[in-house]
Amino acid sequence: MKALSLITAFIGGAAAGAAIGLLFAPAKGSDTRACVADFMRKHGVNLNHEQIDELTSKIESKIKGCKEDV
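Presented here is a report on the structure given in the accompanying data block. (Residues numbered from 1 in each chain as written. Predicted model: local features only at pLDDT ≥ 70, side-chain atom pairs only at ≥ 80, totals over all residues. Heavy atoms only, no water.)

### Looking at the overall build of the protein
And then number 1: Scanning the protein for helices and strands turns up three helices and zero strands.
And then number 2: Reported as C-alpha extents along the three principal axes, the dimensions of the protein are approximately 40 × 35 × 20 Å.
And then number 3: Counting all 70 residues of the protein, 11% fall into the buried class.
And then number 4: Of the roughly 5,700 Å² of accessible surface on the protein, a fraction of 65% belongs to carbon and sulfur atoms.
And then number 5: Taken together, the 9 basic and 8 acidic charged side chains of the protein have centroids lying 5 Å from each other. (Helix = DSSP H or I, 4+ residues; strand = E, 2+ residues; numbered from the N terminus. Buried < 20%, exposed > 50% of the residue type's maximum accessible area, 1.4 Å probe, protein only. Areas by Shrake-Rupley, 256 points an atom, 1.4 Å probe, with all protein chains shown as cover. Lys, Arg positive; Asp, Glu negative; His and termini not counted. Charge placed at Lys NZ, Arg CZ, Asp CG, Glu CD.)

What follows is the structure, encoded as structure tokens:
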């Protein structure tokens, strides 16, 4: 059971790292969201445009909150 938790944590960390990297990339927000959407669809996560925007906004607000704490 611990191995499964470790693998899940690793995959979650990798996904969060990739999302943070994309959000800090010097591309326009709409281009970044389109890139995230394409990546997610290719990997089996099918969300509509509104759901992807909501997810991106949540990630962005968490990142901004972390920056303010520093």
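### Quick notes on the pattern of salt bridges
And then number 1: If you walk through the whole model with that rule in mind, you get one salt bridge.
And then number 2: Between Glu54 and Lys58 there is a salt bridge, and its shortest N-O distance comes to 3.4 Å. Taken together, the residues Glu54 and Lys58, both in helix H3 (residues 49-69) and four residues apart, mark about one turn of the helix.
And then number 3: With a relative accessible area of 49%, Lys58 lands in the partly exposed category. (Salt bridge = Lys/Arg side-chain N within 4 Å of Asp/Glu carboxyl O.)

### A closer look at the layout of surface pockets
A probe as big as a water molecule, rolled over the atoms, marks out the empty space that is left.
And then number 1: As a volume, the largest pocket reaches approximately 400 Å³.
And then number 2: Taken together, 18 residues form the lining of the largest pocket, with Ala15, Ala19, Val36, Met40 and Ile59 sitting closest to its centre.
And then number 3: Secondary-structure elements contributing two or more residues to the lining of the largest pocket are helix H1 (2-23), helix H2 (29-42) and H3.
And then number 4: In terms of residues, the lining of the largest pocket owes the most to one element, H1, which gives seven residues.
And then number 5: Among the residues making up the lining of the largest pocket, the classes are represented as 15 nonpolar, two polar and one charged. (1 Å grid on protein atoms, 1.4 Å probe; cavity = no way out; pocket = protein on both sides within 12 Å on 5 of 7 lines; lining within 4 Å. Points joined across faces, edges and corners; volume = space filled by probe spheres on them. Nonpolar A, V, L, I, M, F, W, Y, C, P; charged D, E, K, R; others polar.)

### Remarks on a nonpolar patch on the surface
And then number 1: Together, Ile7, Phe10 and Ile11 make up an exposed nonpolar region whose accessible area comes to about 350 Å².
And then number 2: The topology assignment puts Ile11 in helix H1.
And then number 3: Overall, Ile11 belongs to the exposed group, its relative accessible area being 54%. (Patch = residues over 30% accessible without salt bridge, like charges linked within 9 Å, V, L, I, M, F, W, Y side chains within 5 Å.)

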